[in-house]
Structures are given as C-alpha cells and as structure tokens.
Amino acid sequence: MPQTFDVCIRGAGVVGHTLALLLARERLRVALVSSAPTPGPDVRAYALNTASRQLLESLRTWPDAIHASPVLRMQVQGDQGGEVVFDAAAQGTEALTWIVDVPALETRLAEAVRYQPQVERVSAPVPAALTVVCEGRASQTRTELGVDFEVMPYAQHAIATRLVCELPHGQTARQWFHQGSILAFLPLEGETGNKVAVVWSVPAEQVSELLTLDDDGFAQALYVASHGELGALELCSARAAWPLQQAQASRWCGPVLHHGQPSAVESWVLAGDAAHNVHPLAGQGLNLGLGDVQALAQILSQREDWRSVADLRLLRRYERERKAALLPVGLLMDGLQQLFSRTEAPLQALRNWGMNSFERSGALKDWMARRAMGTR
C-alpha cells in the first residue's frame, strides 16, 4: 500500500525539524523533505529566548551547555555616549537569552527525528492534506504558489564569523551602533569561554572591502569597531555575508490548486523565514519562526475531530495570530534600523539621548526585556 501523510514539511532546517516533532507528538504522520546542505562551514549562532528554550526542551532537543551559552548581561552602546544595559539578575531570570550553536542544535533535532516513527524523511515533496513551507527567505515553493513576498531591502549586509578573544566574554552580549553599522559579539562556549559569534551589519558599499581583508586585517577592523573591549581578536572560522531585508508574505495559507482549481482537501501554509524576515539587530528571527510552528501545532492539536488539518479556518486563525505577534517586532526592528543607519549629527544626538532615557525608564525597559525573553 502507498504511504499516506497528514503533513508534508518542505524545508528541514531548525523550524522544519521542530514542527515535525511537534506534529508527530500529536500522532500525525509527517513527511520531512530534506534540505540542501549548507555550503561550507556553518558559522551561524542564534539568540534563543526563554520561550524557545522551553519549546526545544519539551522535545528533548536543547543542546548541551557548551553549545548553549546563557547571556547574563546585555550591553548596547551608541555612537555618542548612549548606553542601555540589561541584566538577568535584575529581571529575576537565569538568563536574558541563550546563544546557541546552529550545527549543534540541528544535530540534536536530526537525532530526535531519526527516532520518531511518525516522521519520515523524503527526498522530494509528497502528497499530503497539509503542506507546510519552511524553506527560508528564498523559498521556491512560495514562488510556485504565486505568493507575493513584499521585500523592503536595507542598504546593509550582515557579515558573520567567529572570534577567539584575548579576554573572556563574561557571559555578556555586546552590541555597538556606530556610523550606520551595528556590531554584535555573542558569547560562546559557556561561562568561562573567550569565543564569540560575530554579526556585523554594515553599509552595502563597505562589504566588498571588508571581505577582501585577510583574517588579521578583518580582526583588526573588528577590534577598532568594538573599542578593544575584549582585547586582541583572532578569527577562528570562515566569514559569511548576506543582504539584509524586512519582508512578509502577502498570504500565509491557501488551498492547493489542481489544474487551476482549489482543492477541497489539500492546503498549504507558510512558517518561519518563508513567511517573514526581520533585521537581526535584536536576534528575534528564529524565535519568531519557532513561535510560528508552536502556534500552528497547537491550533492543529486543538481542532475538532471532524476537522482536517487542511481546514482553512484553522490555518487562517494561525495566520492572524502570528501576523499580530510579528507586527510590533517588525515595526520596532525597522524603526531601530532606520534610526541607527542615519549619520546626521542631530539624529545621532537624539538617538543617544533616547538610549540614555530608555536606560532610566524603569517599567518600560523591564517590559521590553520580558517581551524579548518571551516571558511577557
């Protein structure tokens, strides 16, 4: 007899794997379409908040401590004396966020899927009542479905790499805003580590020059941009770069078309970067994607027995819920990016005054910290 599936997930990254495990827990039969391997060494690290950690722990896929470094302090510096500091102790929490090594997390997720009989890896898409598209920002399936992806490109590229620092990071995430660039040092390898993951958002016209520097020259550029706070720096990985954008799909769900006619029994839905992109300055991208699949799995698990997983009423409920969650994050990330990309002196003074005012704001600062941690 041919194998039948309730759900086909296109895209086997962190978001796709997590959704497969969530749906398998609800006794749904899942096909997980393998993704193309990432070319070259993977230097990505994500900041995952409390909500994301709780979700991954519930699936027993949270990485070992060496690959999930708790951030106890977050220090954000402006370009004219502005500063905002967040502290885990002041928030009454064990960590503000965790910096998670992506290859380690993907390995844990793949192991969990391997031992989940409800999930089958497939090499190509297969028929299913529901197709979930988790292919990332360049999703080919989204294009094939005719979904508009409304992109607002930023005049910035992100450059990612990893560093060995002369001084220990002290479990502090550091971020510097300066002359249109945003530099982040994210602590790796636990409480005594001296390695950091770097995400440097720079004006597009500077990317080629920075990428053509040799390792020592690039490390020196990072030393200058970070004001030497962690001492001498040495690259310990390759560099990767990509253009930055804010984007959102016009539709997040719909019926599958057969010969131009909508099917009554098959539907599709978008999740993660296939549905939305935000600027990485606050590290919320993967948290939003994991929030997507958690919400989708919950809505499907709570459906009435007579409803199919392809029921568009359920999928539109998911779309409304996640668009509402995305809206304030997208507005905030875009607003901060636009503000800190400007180099006019009056705006520099204004934004640094704003940072210092926010630092003294008390309740507002606490509210923002709880929201970013996913504990609001």
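Residues numbered from 1 in each chain as written. Predicted model: local features only at pLDDT ≥ 70, side-chain atom pairs only at ≥ 80, totals over all residues. Heavy atoms only, no water.

An unreviewed UniProt entry annotates the protein chain as FAD-dependent monooxygenase originating from Giesbergeria sinuosa.

If you walk across this open sheet you meet the 6 strands as 8-2-1-9-17-16, and the pairing is mixed. Since the sheet does not close on itself, it has two edges, and those belong to strand 8 (119-122) and strand 16 (253-258), each with one partner. Neighbour to neighbour, the strand axes of the sheet diverge by 30° on average, direction disregarded. The pairing of strand 16 with strand 17 (residues 261-270) spans 5 bridges and is classified as antiparallel. (Pairing = 2+ DSSP bridges. Helix = DSSP H or I, 4+ residues; strand = E, 2+ residues; numbered from the N terminus. Axes fitted to C-alpha atoms, helices over the stretch in contact; angles between N-to-C directions.)

Moving on, we get to the nonpolar core. Residues I9, L19 and V132 are the most contacted members of the largest nonpolar core, which totals 62 residues. A per-element tally of this core places helix 8 (residues 285-301) first, with 9 residues. Beyond its immediate chain neighbours, meaning those up to four positions away, L19 contacts I9, V132, C134, V293, L296 and A297. F185, V196, L210 and L222 belong to the second largest nonpolar core, which has 18 residues in total. (Core = buried A, V, L, I, M, F, W, Y, C linked by side-chain atoms within 4.5 Å. Buried < 20%, exposed > 50% of the residue type's maximum accessible area, 1.4 Å probe, protein only. Contact = heavy atoms within 4.5 Å.)

Moving on: the confidence of the model for the protein chain. On average, the protein chain scores 86 in pLDDT, and the residues at 70 or more come to 83%. The least confident element of the protein chain, judged by mean pLDDT, is helix 11 (residues 363-373) at 56; the most confident is helix 1 (residues 14-25) at 97. (pLDDT = per-residue confidence, 0-100.)

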